[in-house]
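Now for the letters of each chain:
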Amino acid sequence: MSSQLAEKIRELKAERNAVILAHNYQPGEVQDIADFTGDSLALSVRAAQTDADVIVFCGVRFMAETAAILSPGKIVLLPDKNAGCPLADMITAGQLKDLKQKHTGAVVVCYVNSSAEVKAESDYCCTSSNAVEIVESLPRDVEIIFVPDQHLGQFVSERTGRKMILWPGYCITHAAITEDDIKNARAAHPDAIVMAHPECTEPVKVLSDQILSTGQMLKFARQSEAKKFIVATETGIIHTLKKENPGKEFFAASSRAVCPNMKRITLEKVLWSLEDMHYKITVPEEIRTRAKNALDRMVAVLPAK
Ligand code: SF4
């Protein structure tokens, strides 16, 4: 059944001159039919570079919006219109404006997991791969507002030695991974390396060996001599890790680390999305150009990793 669906998707994709992009947290079968898999920014950069007329973004809304910000001439489709990101929804543009008023002159760095409106109110965008470098590039004497993820912000603050004004947002999926999960996983696999995403809570990160973005996890696992890894992030990445490293073993730190929004996308929805050309994600031009400035400033500091 899924091979028939995959075949129909391939036919329609050619007919529409479409490209399918899938985030590393997507269900394995969706990752398998994608032209490219990766983290949110790598996928958006791919989106901007492609000759395709249509981009089917298998991920959540802010990712499709980022693709639309970077690729205004293309049609960007999100196969499930309700695939949002609770972390991105934890701050509105109005709340960020209020914060800026309280800290006049502060530089605003926003994590890519944010709405287009929040990006438009920010000076720099960042990803979990390059947040440390972006903050390090800022003059030492400026105040920095970091939104919306407090755990990534706190990690960046420690790595850079910069005190930052943090917004109390967090990812519910990463927050589901507990200290006990790491201790239990270590007890079950004592010779494994623990890789944790910076969106995890501080106690989880303290117990981990490596703190890495999804892109960095994939690279680390490829290059490491180790044979076993405990993975403290959304479990979807284990599909790619296993595919890329057949001789190595990967264990989810917690079976609860499943993002319900990422898992809204199915092969059927990808097919319907191409059949009916829905759901189109657009960003009003005035917001798009300002949000693009924050993304462009990030790319000017360093290319996406
Ligand atoms: S894993 Fe967390 S940050 Fe990523 S889309 Fe899901 S809720 Fe948002």
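It should be noted that the structure appears before, not after, this text.
A quick note: this is a predicted structure, and the numbers were derived from the prediction, not measured.

Procedures and definitions
- Residues numbered from 1 in each chain as written.
- Predicted model: local features only at pLDDT ≥ 70, side-chain atom pairs only at ≥ 80, totals over all residues.
- Heavy atoms only, no water.
- Near = heavy atom within 4 Å.
- 1 Å grid on protein atoms, 1.4 Å probe; cavity = no way out; pocket = protein on both sides within 12 Å on 5 of 7 lines; lining within 4 Å.
- Sits in = over half its atoms within 2 Å of the grid points.
- Nonpolar A, V, L, I, M, F, W, Y, C, P; charged D, E, K, R; others polar.
- Pairing = 2+ DSSP bridges.
- Helix = DSSP H or I, 4+ residues; strand = E, 2+ residues; numbered from the N terminus.
- Contact = heavy atoms within 4.5 Å.
- Axes fitted to C-alpha atoms, helices over the stretch in contact; angles between N-to-C directions.
- Points joined across faces, edges and corners; volume = space filled by probe spheres on them.

### Focus on the site of the ligand
Then step 1. Close contacts around the ligand come from Tyr 25, Val 60, Cys 85, Pro 86, Leu 87, Asn 113, Cys 171, Glu 199, Cys 259 and Met 262, and that covers them all.
Then step 2. In a pocket analysis with a 2 Å cut-off to the grid points, the ligand is assigned to the largest cavity.
Then step 3. For the shell around the ligand, the per-class residue count stands at eight nonpolar, one polar and one charged.

### Regarding the sheet that holds strand 9 (residues 193-196)
Then step 1. Ordered in space as 10-9-11-12, the four strands form an open sheet in which the pairing is parallel. Of all strands in the sheet, those bounded by a partner on one side alone are strand 10 (210-211) and strand 12 (249-252).
Then step 2. Pairing between strand 9 and strand 10: two bridges, direction parallel. The residue bridging Ala 196 from the neighbouring strand is Ile 211, located in strand 10.
Then step 3. Along the sheet face, helix 13 (residues 237-244) touches strand 9, strand 11 (228-232) and strand 12 and points at about 170° away from the line of strand 12.

### Regarding empty space enclosed by the protein
Then step 1. Counted under the stated rule, the structure contains one cavity of 30 Å³ or more.
Then step 2. For the largest cavity, the calculated volume is near 330 Å³.
Then step 3. Around the largest cavity, the lining comprises 31 residues; the ones closest to its centre are Tyr 25, Phe 62, Met 63, Asn 113 and Glu 199.
Then step 4. Of all the secondary structure elements, the ones that give two or more residues to the lining of the largest cavity are helix 3 (40-49), helix 4 (61-70) and helix 9 (172-175).
Then step 5. Among the elements that make up the lining of the largest cavity, the one with the highest residue count is helix 9 (three residues).
Then step 6. Residue classes in the lining of the largest cavity are distributed as 15 nonpolar, 13 polar and three charged.

Bear in mind that shape data such as this cannot, by itself, settle questions of function.
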